[in-house]
Every structure is written in structure tokens, then in C-alpha cells.
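Take a look at the letters that make up each chain.
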Amino acid sequence: MTKRLMPQHGDIALLGAFCLFLSTIEYLIPKPLPFFRIGLANLPLLLAVDLFPFKSFLLLMLIKILGQALVSGTLFSYIFLFSLSGTLVSTLTMYGIRRMAGKRFLSFIGIGVAGATVSNIIQLVYAQLFLFGESARYIAPPFLGAGLITGFSLGAFCEYFSSLSKWYNSRLHGEIIPGKEQESSPLVPDSSRIHTFFSSRDLCIAGLLAMPALLFNPDTMSRIYQFFLFTIYALLLHKKINAVMTIIVMLTIILFNLFIPFGTILFSIGSFRLSSGALRTGIGRAVTLEGLIMLSKASIRSDLRLPGTMGALIGESFRLFALITERKGRIRAKTIVSDIDSLMIDLGSINPGKTLPTYKIRSTRTGTIILITAVLLAWLPVGVRIFSY
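Thresholds applied
Residues numbered from 1 in each chain as written. Predicted model: local features only at pLDDT ≥ 70, side-chain atom pairs only at ≥ 80, totals over all residues. Heavy atoms only, no water. Helix = DSSP H or I, 4+ residues; strand = E, 2+ residues; numbered from the N terminus. Buried < 20%, exposed > 50% of the residue type's maximum accessible area, 1.4 Å probe, protein only. Contact = heavy atoms within 4.5 Å. Areas by Shrake-Rupley, 256 points an atom, 1.4 Å probe, with all protein chains shown as cover. Axes fitted to C-alpha atoms, helices over the stretch in contact; angles between N-to-C directions. Parallel < 35°, antiparallel > 145°, perpendicular 65-115°, else oblique. Left-handed = near helix turned anticlockwise from the far one by under 90°. Nonpolar A, V, L, I, M, F, W, Y, C, P; charged D, E, K, R; others polar. Phe/Tyr/Trp six-rings, centres within 6.5 Å; stacked < 30°, edge-to-face > 60°. Lys NZ or Arg CZ within 6 Å of the ring centre and 35° of its normal.

The next thing to look at is the overall build of the protein chain. Within the protein chain, the secondary structure is distributed over 14 helices and four strands. Looking at the 389 residues of the protein chain, the share that counts as buried comes to 52%. Here the contacts in the protein chain between residues at least 6 apart in sequence split such that 77% fall between residues at least 24 apart. Here the protein chain has roughly 18500 Å² of accessible surface; of this, 69% comes from carbon and sulfur atoms.

Let's shift gears to the packing of helix 9 (residues 220–236) against helix 11 (residues 276–299). In contact at an axis separation of 8 Å, helix 9 and helix 11 are set at 25 degrees when each is read in the N-to-C sense. Viewed along their axes, helix 9 and helix 11 adopt a mutual orientation that is roughly parallel. In this structure, helix 9 crosses over helix 11, and the sense of that crossing is left-handed. For the pair formed by helix 9 and helix 11, the contact residues are T220, R223, I224, F227, F230, T231, Y233 and A234 on the first element and R280, I283, G284, V287, T288, E290, G291, M294, L295, K297 and A298 on the second. For the contact of helix 9 with helix 11, the per-class residue count stands at 10 nonpolar, five polar and four charged.

This brings us to unusual backbone geometry. With phi around 60 degrees, H238 is a residue other than glycine that occupies positive phi space. Residue position: H238 is located in the loop between helix 9 and helix 10 (243–257).

Moving on: the packing of aromatic side chains. What the rule picks out here adds up to six aromatic pairs. Taking 6.0 Å as the distance between ring centres and 45 degrees as the angle between the ring planes, the aromatic pair formed by F230 and Y233 counts as tilted. With F230 and Y233 both in helix 9 and three residues apart, the pair spans about one turn of that helix. Judged by relative accessible area, F230 falls into the buried class, the value being 0%. Its relative accessible area of 15% is what places Y233 among the buried residues. Over the ring of F108 we find R98, and its NZ or CZ is 4.6 Å from the ring centre. When the ring centre of Y95 is taken as origin, the NZ or CZ atom of R99, which lies over that ring, is 4.3 Å away.

Okay, structure coming up:
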């Protein structure tokens, strides 16, 4: 089955592809907190503020949110909730204040700082609710300060890029600059042997069925088991896992939860008291966050397609993302603006009206049995707990 895109969707898919490319770069950068974002993937959204009407701007925002989750493997985790809320609030803020104030009175720097600030505020709220509890107040000042710096830096880059980019200024004035026609190379699913057993749809459904087993499981030891189980799933499916960063993130979450003691005091060092309740809560939150990330990595493949125009746009963005990745060597630090501009002009010449493949790989009988077994293993602690009463 195929879905045909209209020609005017080409620029949305192109900027969406750059969101995916920048998300990949940001994903590789070590971060002190699991939800902290430099905001590189927001650069295309900043540029789109003046290019697109509101409906098209919303489509690009959704491509960024969903595509970022597919690239990083966080669709079933709290991180997706952080990204969804932060991006939604920040982009609507940027679009709204730009429309109210206009380019004459508000630069990209202003809207970049505003977007980063409101995004960080909403993420701090979620950090308090799901990860750090009352200890979130300790990270608020440096977190908001970092947001101001990154918002200012990204806004300044957009200001510089928009003043020099031929692609941007041509789109701003409704013109098209012809580029070198590129060959259309579809993004193919992972062909490693283990992936041939499962369709992307069935993997996703299995992940959705396993997720409540972790979220609604009150027992910390059972959650630790589920975390290791989902990690094994991700490794078996050849997903990349940064073990060092995973451990650092988990230790950070546990540490911040220890600042608010409750329950039995295990030992004290000066004014610091290590309590059983705080330790148990910290471990539970840490393994829940990372367990959801591991489950998401295992059950989400980049060839997963959504129905309708939205699904086709994401598919086209992934195809252009593959082309950007192939040509990333053309982007050099000394001539970064002109190199990115040239690449956007060339990729913009691809006909977005071409039909896009929708992969229909059916799960084999063996694959179906494996997925059912995997889901049952995820629910095993819950079942044991129920039958033990």
C-alpha cells in the first residue's frame, strides 16, 4: 500500500528530516539528565515559524516529536512524555509570540530563549512528578540557566543562517531554487535475521501490551527483573545501549531521591540520612524510566508507519533523513551554513509527490510465538503476585 504526498508537503518532510538528523546527533551527546535536551532538533522548527501556516507548522512539530522517539527509541517511556509536552509548549509559544510581535520586534534569539524557557519549566514539573520528587528543586536553577544559554545560541544560529541561506529566503518569498535531482532511495527495514521474524506493527503491539506490566507493578524487585528482561530484549534485537550512561542516569535519579528521607533510617553521615523509603523509591523510579526506554528500543523500529498523510510524511522524512546521513560528509565546520544550504537545495529538488512504500512484513509463526512469550514473561511478576494472595 502507498500514500501519495502533495508537492507542498516536500518542505515539511525536508525540515522533518533535519529534525531527525539533529535528534540523532543530540542523542549521541552525553547528558547529565535523561530528559535534558540541547535543543538541536528545534532548529528546523525555529526556521519554520516564518515559513509555514499554522497547520503545516503543527505537522512538522508532530514529525519532530514522533520521529525523535523512533530514532532514540523512547516512544514508550517518560522521555517521550517529556519531549511531547516540552516541544508542544515551546513550539506553540514560539509560533504565537512571533505572530504577535512580528520579525521587526522579536528576533530568532528572543523566540529561541522563550521556547527553551517554557519547555524547561514543563519538563521540571514532570521531573518532580515522575523522577526526582521534591528534590527537583535542586536541579531547577542550573537546568533553567542551561536552557537560556542553549535557547540564545540556537536562536543566534537561526538568525545567522536565515540571513545567508538561499533555500530559506527562496521559500520565504515563495520561490523554488532548482537543485541537483537526487535518486530516491527508500528506507528499508532492518534485515538482520532476528528482525525477519517480526513485523514492525506486531513489535509495537507487543511493546504496548508489555508496558502496563511495568507501569502498574508496585513491587520494586519485580521492576528490577522487568528492567533486565527488557534490556535483554533490546540486546537480542541488536539495539545500541550505552551501558555507562544508563548506569549514570539511574544513579543520578536514585541520588536525588535520597535527599528527601522517609521510612526507616539505614544510616546517617552528618546531616545526611539514608532512609529505606527514599532508597526504594529512587531505585523504583530509576528502573522504571530505563525499563521503559529498553522496552521502547526493543519494540519500536524505524520502518513503523502511521496511517494517512501523517504516516506518509514521517516515511518521507525518514527517506530524506537517510539521504542526509549519506551526505553528512558534505557539511564542514568552516562552511557549515553554505554546506547545509546547498544540501537543502539539492534535497528539495526531490519530487515529494512520488509514492512511498509502506512495508508489510508479516510476523512469522515463530515470531508470533516469541512475541507472545515475551509479553507473558513481562507480566510474570504480576501474575505471581496475584496468585500468591
